[in-house]
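Here is what each chain is made of, one letter per residue.
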Amino acid sequence: MRIMLTGAGGQLGHALCRAQPSGEDIIALDRAGLDVGDAAAVTAMMETLRPDLIVNAAAYTAVDRAEQELELAERINHQGVRYLANAARAIGARLVQVSTDFVFDGASTRPYRIDDLPRPLSVYGRTKWAGEHAALSAPGSLIVRTSWLYGVQGTNFVKTMLRLMAERDEVRVVADQIGTPTHADSLARAIWALAMRGASGIAHVSDAGVASWYDFAVAIQEEAYAIGLLDRMIPVLPIATSNYPTPATRPALSVLDRDATWVQLGKPAAHWRVELRLMLAQLKDMTCG
């Protein structure tokens, strides 16, 4: 099977490259290799490569900046997916599109199921939801929603916390937004497993367990200090969302119901704290190297 991976230079793209299934012909394209927001470039690349499967990890993920950069977020998160879906439909390829918990409004009192109606609160969430609609226009497509993604590459909450904890005498972290941290490596493994099984429709994928951003930050400090990534412990203080206003409104509850996906994969995901330890160990190895 010939597979085209877009967004290979990003956080998830790197993880997908590391976890790629053996024996498959995978062409990994970063933004320089293919700008998904360029319709002509997408058509030309698809006609040249004629992949059987497209995994789209390209995305505009600057949630707050998207409030001022609507056109750019729309170009990548919606129009880019539409171009890929149109090209996939033309050559009979399957499309895997990565989406987000931010398509929901966070008002639920239980984890979000795949059939719950999205009500995004932000430009980022709205453009990703539009991208879902575009992807589903291609027969056999798969939407993989995830939450609170982090990994050794790119900018993310874990790496920001490590930097702040090394620089400051205390950090204040929102404690009333609840979700599930998800390691890019575990998401990548699940995406490949679902894709190789020919899964279609919508799947929710995250690590197991739940946490607030405050809980996540406390765990980051404890685990990083234990392996020597941090040389001291500082106070981590819980605050309310109202005390940390941001341009984009975030869901209060970002927990996805993953039960159906775990049945498909034959086992539940590891707990998020287990995956956090793995990521921090990788980061330490990179730092030491």
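What counts, and at which threshold
Residues numbered from 1 in each chain as written. Predicted model: local features only at pLDDT ≥ 70, side-chain atom pairs only at ≥ 80, totals over all residues. Heavy atoms only, no water. Helix = DSSP H or I, 4+ residues; strand = E, 2+ residues; numbered from the N terminus. Rg over C-alpha atoms; globule rule 2.2 N^0.38 Å. Contact = heavy atoms within 4.5 Å. Areas by Shrake-Rupley, 256 points an atom, 1.4 Å probe, with all protein chains shown as cover. Lys, Arg positive; Asp, Glu negative; His and termini not counted. Charge placed at Lys NZ, Arg CZ, Asp CG, Glu CD. Salt bridge = Lys/Arg side-chain N within 4 Å of Asp/Glu carboxyl O. Buried < 20%, exposed > 50% of the residue type's maximum accessible area, 1.4 Å probe, protein only. Expected span 1.5 Å × (residues − 1). Polar contact = N/O pair within 3.5 Å; in protein donor to acceptor, adjacent residues only side chain to side chain. Axes fitted to C-alpha atoms, helices over the stretch in contact; angles between N-to-C directions. Parallel < 35°, antiparallel > 145°, perpendicular 65-115°, else oblique. Left-handed = near helix turned anticlockwise from the far one by under 90°. Nonpolar A, V, L, I, M, F, W, Y, C, P; charged D, E, K, R; others polar. Pairing = 2+ DSSP bridges. Phe/Tyr/Trp six-rings, centres within 6.5 Å; stacked < 30°, edge-to-face > 60°.

A.B. asks: How should I be thinking about the overall build of the chain in this particular structure?
C.D. replies: Across its full length, the chain holds nine helices and 12 strands. What you see for the chain is a C-alpha radius of gyration of 19 Å, in line with the 19 Å of a compact globule of 289 residues. Contacts in the chain between residues far apart in sequence, at least 24 positions, make up 81% of those at least 6 positions apart. Accessible surface, the chain as shown: approximately 12600 Å² in total, 53% of it carbon and sulfur. In the chain, 28 side chains carry a positive charge and 31 a negative one; their mean positions are 2 Å apart.

A.B. asks: Explain the pattern of salt bridges here, please?
C.D. replies: Oppositely charged side chains can pair when the atoms bearing their charge come close. All chains considered together, the criterion is met by 15 salt bridges. Residues D25 and R2 are paired through a salt bridge, measuring 3.0 Å at the closest nitrogen-oxygen approach. Residue D25 is found in strand β2 (residues 25-29), and its partner R2 is found in strand β1 (residues 2-6); the two are separated by 23 residues along the sequence. Classification of R2 as partly exposed rests on a relative accessible area of 29%. We note a salt bridge from E223 to R273, for which the minimum N-O separation is 2.8 Å. Separated by 50 residues along the polypeptide, E223 in helix α7 (residues 213-226) and R273 in helix α9 (residues 272-288) bring together distant segments of the chain. We classify R273 as partly exposed; its relative accessible area is 24%.

A.B. asks: Help me understand helix α6 (residues 184-196), please; the structure alone is not making it clear to me.
C.D. replies: Each α-helix winds once per 3.6 residues, and so residues spaced three or four apart point in a common direction. End to end, α6 covers 18 Å across 13 residues, agreeing with the expected 18 Å (1.5 Å per residue, within 8%). By the criterion of burial, α6 is predominantly enclosed, with 11 of the 13 residues buried. Taken together, the buried positions of α6 are A184, D185, S186, L187, A188, A190, I191, W192, A193, L194 and A195. Backbone geometry just after α6 places G198 at a positive phi near 75°.

A.B. asks: Explanation requested: the side chain of S206 in the structure shown.
C.D. replies: Assignment of secondary structure puts S206 in the loop between β10 (201-204) and β11 (211-212). For S206, a relative accessible area of 2% puts it in the buried group. Here the side chain of S206 touches R258 through a polar contact of 3.0 Å, side chain to side chain. Once residues lying within four places of it in the same chain are set aside, the contact partners of S206 are T146, S147, T180, T182, R258, W262 and A269.

A.B. asks: Help me understand the environment of R277 in this model?
C.D. replies: Mapped onto the elements of the fold, R277 is located in helix α9. Taking relative accessible area as the criterion, R277 reaches 41% and is therefore assigned partly exposed. Distance in space between the C-alpha atoms of R277 and R145 is 23 Å, their sequence separation being 132 residues.

A.B. asks: Would you mind showing me how to read the packing of helix α2 (residues 39-49) against helix α3 (residues 70-91) here?
C.D. replies: The geometry of a pair of packed helices is captured by two quantities: the angle between their axes and the separation between those axes. Taken N-terminus to C-terminus, the directions of α2 and α3 make an angle of 30°; their axes are 9 Å apart at the nearest point. Between α2 and α3, the angle is such that the two are roughly parallel. Handedness of the crossing formed by α2 with α3: right-handed. Each of A39, V42 and M46 in α2 lies in contact with α3, whose residues at this interface are Y83, L84, A87, A88 and I91. Across the contact of α2 with α3, the residue classes tally to eight nonpolar, no polar and no charged.

A.B. asks: Would you take a moment to explain the sheet that holds β1 for this structure?
C.D. replies: Sheet strands pair by backbone hydrogen bonding; their relative direction is either parallel or antiparallel. Strand order across the open sheet formed by six strands is β2-β1-β3-β4-β5-β10, with parallel pairing between neighbours. The sheet is open, and its two borders are formed by β2 and β10, each paired with just one other strand. When the angles between neighbouring strand axes are averaged without regard to direction, this sheet yields 20°. Relative to strand β5 (residues 142-146), strand β4 (residues 94-100) is paired through five bridges, and the arrangement is parallel. Bridging from a neighbouring strand, V96 pairs with L142 of β5. Along the sheet, helix α1 (residues 11-18) contacts β1, β2, β3 (53-56) and β4; its crossing angle with β1, the most-contacted strand, is approximately 155°.

A.B. asks: Would you take a moment to explain the packing of aromatic side chains for this structure?
C.D. replies: Between two aromatic rings, the relevant description is the distance of the centres plus the angle of the planes. Within the structure shown, the criterion is met by eight aromatic pairs. Measuring from centroid to centroid gives 5.7 Å for F102 and Y124, while their planes differ by 70°, and the two rings are edge-to-face. Highlighted residues: F102 in the loop between β4 and α4 (123-135) and Y124 in helix α4, separated in sequence by 22 residues. Note on F102: relative accessible area 10%, which makes it buried. Between the aromatic rings of F104 and Y112, the centroid separation amounts to 4.2 Å while the plane-to-plane angle is 10°, which identifies the pairing as stacked.

That's the geometry; what it means functionally is another story.
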